[in-house]
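# Structural characterization, general
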Amino acid sequence: MTRLEEMLAANKAYCENPPVDYTGEDVHESKLPRKKIAVFTCMDTRLVELLEPALGLKRGDAKFVKTVGNTLVGPFDGVVRSLMVATYELGIEEIFVVGHDECGMAKTTAQGLLDAMHAHGVKDEDIAPYREELVHWADSFSHPVENVREVVQKLRENPFLPKSLKVHGLLLHPRSGKIDLIVNGDA
C-alpha cells in the first residue's frame, strides 16, 4: 500500500467514527481558537502528538504555525501573515513561541543546503537571486534558546502586530515533554 493509499484509508476510518473534543462538542464547531492563543513552533516530527498535551491544549484551543526551527525570515513573511490573521480576524491575544532541544536547524548550513540543492538538479541561476537571504537564514540559527529569544523580540517589535499582544518564549524537551520558560510575555 502506498503512503497516499494509507492516508486515504485512515481518513475513511476517521470519517466513519468522527471524534468529539474534551468538552463533548463536535470537534468541527469553530475556526476560532477557544483559548485565544497562537503557538509558533518547529515542524519537527517529534512534536506531533507531544506538543499539544505538553502544553495542556486540545483540538480547537489554539492556532498553530510551524516552520523549520520556528524561524522568521522577515517582518512580513508567511509566519507574520498567519499571526496577523490569527490576531485581527480570529481574536488571539497571546503568542507562544516554542523552540525545542535537539533542533536540526542548529546543524543546517547554507552550504549544506546549496550542495543538496545542486545534487537534486536545482540550477545556480535559480538560486542566485535568493543566495544572500538563504545564507542569512540558514547560517543565523545557532541555538534553540537564543532563537526563541530572538523570535520573541522580533514579534514584539513587528510593526504589523499590536503592542498589546503578549508574546511568550518556551523551550520543549522532545524526549521528556518538559517545558522551560525562556521569555515571560506577562513580565
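See above for the structure.
Residues numbered from 1 in each chain as written. Predicted model: local features only at pLDDT ≥ 70, side-chain atom pairs only at ≥ 80, totals over all residues. Heavy atoms only, no water.

The next subject is the overall build of the chain. Within the chain, the regular secondary structure consists of seven helices and five strands. Starting at the N terminus and ending at the C terminus, the chain contains elements arranged as α-β-α-β-α-β-α-α-α-α-β-β. Taking the principal axes of its C-alpha atoms as reference, the chain extends roughly 55 × 50 × 35 Å. Relative to all contacts within the chain whose residues are 6 or more apart in sequence, the contacts with residues 24 or more apart total 71%. Side-chain charges of the chain comprise 22 positive and 29 negative groups, with the mean position of each set lying 3 Å from the other. (Helix = DSSP H or I, 4+ residues; strand = E, 2+ residues; numbered from the N terminus. Contact = heavy atoms within 4.5 Å. Lys, Arg positive; Asp, Glu negative; His and termini not counted. Charge placed at Lys NZ, Arg CZ, Asp CG, Glu CD.)

So, about the layout of surface pockets. Quantified by volume, the largest pocket comes out at close to 170 Å³. Around the largest pocket, the lining residues are T71, L72, V73, H136, W137, S140, F141, N147, E150, V151 and K154. Breaking the lining of the largest pocket down by element, the ones donating at least two residues are helix 6 (131-140) and helix 7 (144-157). Of the residues forming the lining of the largest pocket, the biggest block, four residues, is contributed by helix 7. Classifying every residue of the lining of the largest pocket gives five nonpolar, four polar and two charged. (1 Å grid on protein atoms, 1.4 Å probe; cavity = no way out; pocket = protein on both sides within 12 Å on 5 of 7 lines; lining within 4 Å. Points joined across faces, edges and corners; volume = space filled by probe spheres on them. Nonpolar A, V, L, I, M, F, W, Y, C, P; charged D, E, K, R; others polar.)

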